[in-house]
Amino acid sequence: MIKLHDTYFKPFISEGEIDNAVRKMASDIANELQDEVPVFVGIMNGSFMFTSDFVKVYPKPCEVTFIKLASYEGVKSSEDIKRLIGLTQDLTGRTVVILEDIIDSGKTLEEVHRIFENENVKKLIIATLFYKPEAYKKDFKLHYIGIEIPNKFIVGYGLDYDGLGRDIPEVYQIKNTQHMTNLVLFGPPGAGKGTQAEFLKEKYNLVHISTGDVFRYNIKNETALGLLAKSYMDKGELVPDQVTIDMLNAEVEKNADAQGFIFDGFPRTNEQAKALDELMVSKDSSINAMIALEVQDDVLVNRLLERGKTSGRVDDADETIIRNRIKEYYSKTAILKDYYSNQDKYFGVDGIGSIDDITVRLSKVIDAL
Ligand code: AMP
């Protein structure tokens, strides 16, 4: 990932892919033109790198020149009309191949056609390295296209973002700017994560994923995943990482349009935290905060024994199992506090008090993110 000005871009098209596309265009055009010596016209500034690489691999003699379309300065009414800089050569009777770095709406191409109408060229061929079919609004024929791309802003290989990025040898694509809020709700069993998640998901329009709940749902429905998870859960042990990570990825994928997630009970190990970071990167996003509800052990044990009377959860009914889960939490999962602290993303919140009070405390943290 790279940052230009304040915007992030992710790798999109590699040098190798660009090279292949450029070579294919050069060979296709040479096949069409045979022994005719064309004039390649690069449109500045964006196509300087493409034009340079293109003519290097063009297998036959050719001429190369550059033109630039510049806006008239200070003339508001003719904003759309461009003036031409650089065309000094007589192109009468010549075959001209326009080399464009990218064609999106087709506005520049329209200008090019307008300018070349008066040049009495034999033939005007349009070749563009990148093409955005979803953005193209004109009818001019595009004779040669290198790579079709979606209608998202790209930078590199001659293309700039507000002046920067032209020098990069590969192409980057703008990262999704849709802002997601992704929270990890943390805390020992019985700290009130589930209760609080219910309020927070409404308030912030987030999707709540509790790995414990998903496992219990699978157990209830006697799925293969449920049967596997049950043997660990009944003893208060963690379900193996890969099983849990795969399941979580699937749950996130089910909610592709979410504005963010509350992860409850996940991650519980370093491996899971790393997998979650990777998953967030693939969504052009990140974890914003781990918010931990802090509650003493004895309060937890009492709360869970109370819940066990009505919840029917095997792992809530027995004090030894409860204590084992709390022990697991501290021995295996408290390292996550370090993981997120190192990224300045750890926020501890006092988990003792009324439900409302605790929601207010959590909201304060989230609102300040
Ligand atoms: P919870 O409802 O979060 O207390 O989880 C109940 C049980 O589900 C845990 O004791 C584990 O056996 C299992 N579990 C839930 N989340 C995870 C996870 N992230 N990794 C491994 N096991 C999990």
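Please refer to the structure placed before this passage.
For the structure given in this document, a descriptive report is provided here. The residue count restarts for each chain, going from 1 along the sequence in the order it is written. The model is predicted, so local features are restricted to residues of pLDDT at least 70 and side-chain atom pairs to those at 80 or more, both for listing and for counting; the totals for chains, interfaces and linings are taken over all residues. Excluding hydrogens and water, the side-chain values take into account all heavy atoms of the structure.

Now for the overall build of the protein. Secondary structure elements are defined from DSSP: runs of H or I of at least 4 residues count as helices, runs of E of at least 2 residues count as strands, and each element is numbered from the N terminus. Looking only at helices and strands, the protein has 13 helices and 15 strands in total. Relative to the 2.2 N^0.38 estimate, which gives 21 Å for 369 residues, the radius of gyration of the protein is 30 Å and therefore markedly larger than a compact globule would have. Taking the principal axes of the C-alpha coordinates as reference, the protein spans close to 95 × 45 × 35 Å. The buried share of the protein, taken over its 369 residues, is 45%. Contacts are residue-level and defined by heavy atoms, with any inter-residue pair within 4.5 Å sufficient. Here the contacts in the protein between residues at least 6 apart in sequence split such that 71% fall between residues at least 24 apart. The reference for a compact globule is 2.2 Å times residues^0.38; the radius of gyration itself is calculated from the C-alpha atoms. To sort residues, take the accessible area from a 1.4 Å probe on protein chains only and compare it with the maximum for the residue type: under 20% means buried, over 50% means exposed, and anything in between is partly exposed.

Let us now look at unusual backbone geometry. The residue after M44, namely N45, is reached through a cis peptide bond having omega -5°. On the secondary structure map, N45 appears in the loop between β3 (39-44) and α2 (48-57). Following F266, the chain continues into P267 via a peptide bond in cis, with omega recorded as 0°. Position of P267 among the secondary structure elements: in the loop between β13 (260-264) and α8 (270-282).

The next point concerns the sheet that holds strand β15 (residues 346-350). At least two bridges found by DSSP between two strands are what make those strands a pair. Ordered by their spatial adjacency, 5 strands build an open sheet running β12-β13-β11-β14-β15, and the pairing between neighbours is parallel. Two strands in the sheet have a free side with no partner beyond their single neighbour: β12 (207-210) and β15. Ignoring which end each strand starts from, the neighbouring axes of this sheet average 20° apart. As paired elements, strand β11 (residues 181-186) and β13 share 5 bridges and run parallel to each other. Bridge assignment links N182 to a residue of β13, and that residue is F261. Lines fitted to C-alpha atoms define the axes, with helix axes restricted to the stretch in contact, and inter-axis angles between N-to-C directions lie between 0 and 180 degrees.

Our focus in this paragraph is the packing of helix α7 (residues 241-253) against α8. Remark: α7 packs on α8, axes separated minimally by 10 Å, with the N-to-C direction vectors making an angle of 25°. Between α7 and α8, the angle falls in the class roughly parallel. In the packing of α7 onto α8, the handedness of the crossing is right-handed. Across from D241, T244, I245, L248, N249, V252 and E253 in α7, the residues of α8 making contact are E271, Q272, A275, L276 and L279. Here the nonpolar group is Ala, Val, Leu, Ile, Met, Phe, Trp, Tyr, Cys and Pro; Asp, Glu, Lys and Arg are the charged ones; every other residue, Gly included, is treated as polar. Considered class by class, the residues forming the contact of α7 with α8 number 6 nonpolar, 3 polar and 3 charged. By definition in this entry, angles of less than 35 degrees are roughly parallel, angles greater than 145 are roughly antiparallel, angles of 65 to 115 are roughly perpendicular, and the rest are oblique. Note on convention: near helix rotated counterclockwise from far helix by under a right angle means a left-handed crossing. Clockwise means right-handed.

Given a rise of 1.5 Å per residue, 19 residues ought to cover 27 Å, and the 27 Å separating the end C-alpha atoms of helix α1 (residues 15-33) matches this to within 8%. Looking only at α1, the buried set comprises I18, A21, V22, M25, A26, I29, A30 and L33. Angular distribution of buried residues about the axis of α1 spans 160°; they occupy a single face of the element. Residues of α1 that are exposed and point more than 90 degrees away from the buried face comprise N20, K24 and N31. Positioned one or two residues after α1, Q34 has a phi angle of 50°, which is positive. Residue count minus one, scaled by 1.5 Å, sets the expected span of a helix. Of all possible arcs, the one meant is that of the directions from the helix axis to the C-beta atoms.

What follows deals with the environment of M25. In this fold, M25 is placed in helix α1. For M25, a relative accessible area of 2% translates into the label buried. As for M25 and G46, which are separated by 21 residues in sequence, their C-alpha atoms are 17 Å apart. Leaving out residues up to four positions away in the same chain, M25 has contacts with F50, F54, A127, T128, L129, Y144, I145 and G146.

So, on to a nonpolar patch on the surface. For patch detection, residues must exceed 30% relative accessible area and be free of salt bridges, and they are connected within 9 Å for like charges or within 5 Å for nonpolar side chains (Val, Leu, Ile, Met, Phe, Trp, Tyr). Areas reported as accessible are Shrake-Rupley estimates using a 1.4 Å probe. Residue values count occlusion only from the protein chains shown. Any Lys or Arg side-chain nitrogen located within 4 Å of an Asp or Glu carboxyl oxygen qualifies as a salt bridge. Together, M44, F48, V64 and F66 make up a nonpolar patch on the protein surface, roughly 300 Å² of accessible area in all. The residue F48 is located in helix α2 in this model. On the basis of relative accessible area, F48 is assigned to the partly exposed category, the value being 32%.

Membership of the largest hydrophobic core comes to 28 residues, with the highest contact counts inside it found for I29, F54, L129 and F130. At the level of elements, α1, α2, β6 (95-103), β7 (123-131) and β8 (144-148) are the ones that each hand at least two residues to this core. Sort the elements by how many residues they give to this core and α1 lands first, with 8 residues. Beyond its immediate chain neighbours, meaning those up to four positions away, I29 contacts F40, F54, Y58, V97, A127 and Y144. Residues grouped as a nonpolar core are buried Ala, Val, Leu, Ile, Met, Phe, Trp, Tyr and Cys residues, joined through side-chain atoms within 4.5 Å.

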